Amino acid sequence: MASADLSDLKPVYLIYGSQELLLERAVRRLRDRLAEVADLDFNMETFDGSAASAEQVINAANTMPFMSEKRLVVVREVDKMASDDLAALAE
């Protein structure tokens, strides 16, 4: 797999808005960019904010990538998480 320059990527992105299509496009662009250097079958996890806890998300984010430099953790509808979980994520 060719090595792509991902040095300009930030560790965390907040993609927010009311237009679902634009949200999906933004996540897809980020996912496609990471797919250049990471096998996302092993290095991607998606959570639903109404069902996931901050501990689950943080554990996923802290998991070392498998045979890759990067890992992608997506939390959809993060605004539906409990306020305590949101505070833990913000830390």
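First, a word on what this report is: a plain description of the structure on this page. (Residues numbered from 1 in each chain as written. Predicted model: local features only at pLDDT ≥ 70, side-chain atom pairs only at ≥ 80, totals over all residues. Heavy atoms only, no water.)

**Structural notes on the overall build of the protein**
Logical step 1: When helices and strands are counted, the protein shows three helices and two strands.
Logical step 2: Tracing the protein from N to C terminus, the helices and strands come up as α-β-α-β-α.
Logical step 3: Computed over the C-alpha atoms, the radius of gyration of the protein is 14 Å, within 12% of the 12 Å expected from 2.2 N^0.38 for a compact globule of 91 residues.
Logical step 4: Principal-axis analysis of the C-alpha atoms gives the protein an extent of 40 × 30 × 20 Å. (Helix = DSSP H or I, 4+ residues; strand = E, 2+ residues; numbered from the N terminus. Rg over C-alpha atoms; globule rule 2.2 N^0.38 Å.)

**Some points on the pairing of strand β1 (residues 44–48)**
On any regular strand, side chains alternate: one points to one face of the sheet, the next to the other face.
Logical step 1: By the bridge criterion, five bridges tie β1 to strand β2 (residues 72–76) in an arrangement that is parallel. If you follow Asp 48 over to β2, its bridge partner there is Arg 76.
Logical step 2: For the crossover from β1 across helix α2 (residues 54–62) to β2, the handedness is right-handed. (Pairing = 2+ DSSP bridges. Right-handed = clockwise from strand over helix to strand, strands pointing away.)

**Observations regarding the side chain of Arg 71**
Logical step 1: The residue Arg 71 is located in the loop between α2 and β2 in this model.
Logical step 2: Overall, Arg 71 belongs to the buried group, its relative accessible area being 18%.
Logical step 3: Within the structure, Arg 71 has its side chain in polar contact with the side chain of Glu 45 (distance 2.4 Å).
Logical step 4: Only 2.7 Å separates the side chain of Arg 71 from the backbone oxygen of Ala 60, close enough to count as a polar contact.
Logical step 5: Apart from the residues lying within four places of it in its own chain, the contact partners of Arg 71 are Phe 42, Asn 43, Met 44, Glu 45, Ala 60, Thr 63 and Pro 65. (Buried < 20%, exposed > 50% of the residue type's maximum accessible area, 1.4 Å probe, protein only. Polar contact = N/O pair within 3.5 Å; in protein donor to acceptor, adjacent residues only side chain to side chain. Contact = heavy atoms within 4.5 Å.)

**Some words on the nonpolar core**
Logical step 1: Counting residues in hydrophobic clusters, the biggest one holds 10 residues: Leu 6, Leu 9, Val 27, Leu 30, Leu 34, Val 37, Ala 38, Leu 40, Leu 72 and Val 74.
Logical step 2: With three residues, the single largest contributor to this core is helix α1 (residues 20–35). (Core = buried A, V, L, I, M, F, W, Y, C linked by side-chain atoms within 4.5 Å.)

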